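# Fold and geometry: a report
Single-letter residue listing:
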Amino acid sequence: MKKLQIFLLLLLSYTTCFAQQTGDVEMAFDMRSSGKIYVVIATIVIIFAGLALYLFSMDRRLKKIEKQK
Amino acid sequence: MKFIYQTWWKIAAVLLVLSTLVTGLLFDVPKLPILHESIRNLYFHVPMWIAMFTVFAISVFYSIRYLTTGKEEYDLIAVESANTGIFFFVLGLVTGMMWANYTWGAPWSNDPKQNSAAIAFLLYCAYLVLRNSIDEEQKRAKISAIYNIFAFPIMVVLIMVLPRLTDSLHPGSGGNPAFGKYDLDNGMKIAFYPAMLGWSFIALWIATLRYRIRLIEYKNNEIN
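Residues numbered from 1 in each chain as written. Chains lettered and ligands numbered in written order. Predicted model: local features only at pLDDT ≥ 70, side-chain atom pairs only at ≥ 80, totals over all residues.

Attention now goes to the overall build of chain A. When helices and strands are counted, chain A shows three helices and zero strands. Each helix (α) and strand (β) of chain A, taken in turn from the N terminus, gives the series α-α-α. Burial analysis of chain A (69 residues in total) assigns 0% to the buried set. (Helix = DSSP H or I, 4+ residues; strand = E, 2+ residues; numbered from the N terminus. Buried ≥ 20, exposed ≤ 12 C-beta atoms within 10 Å, placed from the backbone.)

What follows covers the packing of helix α3 (residues 72-103) of chain B against helix α5 (residues 137-165) of chain B. Residue and element names in this part refer to chain B. In the contact formed by α3 and α5, the axes pass within 11 Å of each other and the chain directions differ by 50°. Classified by the angle their axes make, α3 and α5 are oblique. α3 and α5 meet at a crossing whose hand is left-handed. For the pair α3 and α5, the contacting residues are Glu-72, Asp-75, Ala-78 and Ala-82 in the first and Ala-141, Ala-145 and Asn-148 in the second. Its residues assigned to classes, the contact of α3 with α5 shows four nonpolar, one polar and two charged. (Axes fitted to C-alpha atoms, helices over the stretch in contact; angles between N-to-C directions. Parallel < 35°, antiparallel > 145°, perpendicular 65-115°, else oblique. Left-handed = near helix turned anticlockwise from the far one by under 90°. Contact = placed C-beta atoms within 7 Å. Nonpolar A, V, L, I, M, F, W, Y, C, P; charged D, E, K, R; others polar.)

Each partner contributes residues to the interface: chain B has 17 residues there, and chain A has 19 residues. Its residues placed into classes, the side of chain B that touches chain A shows 12 nonpolar, one polar and four charged.

We now examine the environment of Leu-18 of chain B. Take Leu-18 of chain B: it is sitting in helix α1 (residues 8-26). Along the primary structure Leu-18 of chain B and Ala-57 of chain B are separated by 39 residues, whereas in three dimensions their C-alpha atoms are 25 Å apart. Setting aside anything within four residues of it in sequence, one finds Leu-18 of chain B in contact with Val-45, Phe-48 and Ala-49 of chain A.

This brings us to α1 of chain B. Each α-helix turn comprises 3.6 residues. Residues three or four places apart therefore point the same way. All names here are of chain B. Taking 1.5 Å of rise per residue, 19 residues should cover 27 Å, and α1 covers 27 Å from first to last C-alpha, within 8% of that figure. Every buried residue of α1 is listed here: Lys-10, Ala-13, Val-14, Val-17, Thr-20, Leu-21, Gly-24 and Leu-25. All buried residues of α1 project into a common sector of 125° when viewed along the axis, lining one side. Counted as exposed and oriented over 90 degrees from the buried face of α1: Trp-8 and Ile-11. (Expected span 1.5 Å × (residues − 1). Arc of directions from axis to C-beta.)

What follows concerns the confidence of the model for chain B. All names here are of chain B. When the pLDDT values of chain B are averaged, the result is 89; 92% of them are 70 or greater. Element-level pLDDT for chain B is lowest in helix α6 (residues 180-183), with a mean of 56, against a maximum mean of 95 in helix α2 (residues 42-69). Overall fold confidence (pTM) sits at 0.84, and the ipTM for the predicted complex is 0.76. (pLDDT = per-residue confidence, 0-100.)

For the rest of this paragraph, the subject is the nonpolar core. All names here are of chain B. Grouped together as the largest cluster of nonpolar side chains are 52 residues, with contacts concentrated most on Ala-51, Met-52, Val-55, Phe-56, Ile-202 and Ala-203. If you tally residues by element for this core, the top one is α2, at 15 residues. For Met-52, the residues in contact, after removing those within four places along its chain, are Gly-85, Phe-88, Phe-89 and Gly-92. (Core = buried A, V, L, I, M, F, W, Y, C linked by C-beta atoms within 7 Å.)

Take a look at the structure:
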């Protein structure tokens, strides 16, 4: 009987360990719910838009030089 | 070749990448241990490699065309595509090391994927060294075109095939599904596929700009 009790106890503790392992995975929901993630998005969108405009301006300058030839 | 002077696909590429910057950070992702929110790196790290494959494939295509036609312009396209590919190679490797530092515990853990990517990088560095070591133009173009044709499949095998045959930390290796797990999540496709397409076209755009500059330089040298 005692053996069975210990066995069940160990078995149960195993399941709790398992539950902890596969339980809730911490995600950054707070960051999004507070709205601050939009600041990050705005920043990288501005950076990428700037880089794209820079590429477009290079494209235009090249076109001018190509026409001169 | 008119395609490279057109603007519509450049705008499309920019819009695609801009859309993934928003969707990639906002949309739901699967909750996975260890990865947590860093799973969103998938939208930015993997497209670097896809962009690299795109421009390297274009480089090989024009290397073959150079060998069949002997047109000097095709050689210039091949070099500048390879140059752009190496740039995206470095971006992919650095972002991968950054990601690995927080998920695998170290930026470089001698993972098969990392090691073979490094070997493939040297393979393409050798391409540039080979080019710069030959003075005669036609000889240089011919030898480097042949080298490029051999380098490309070896690079693909090194990065895509060999790491999958052994155990690796990288997804897609040793019975570890690559995107199979994430593909079930349709939400991720919305950001992932446009990212691959968008970044590929951005790489192509940079390659065409470099080619056009190179062409002007080449023509200037011809007159003198």
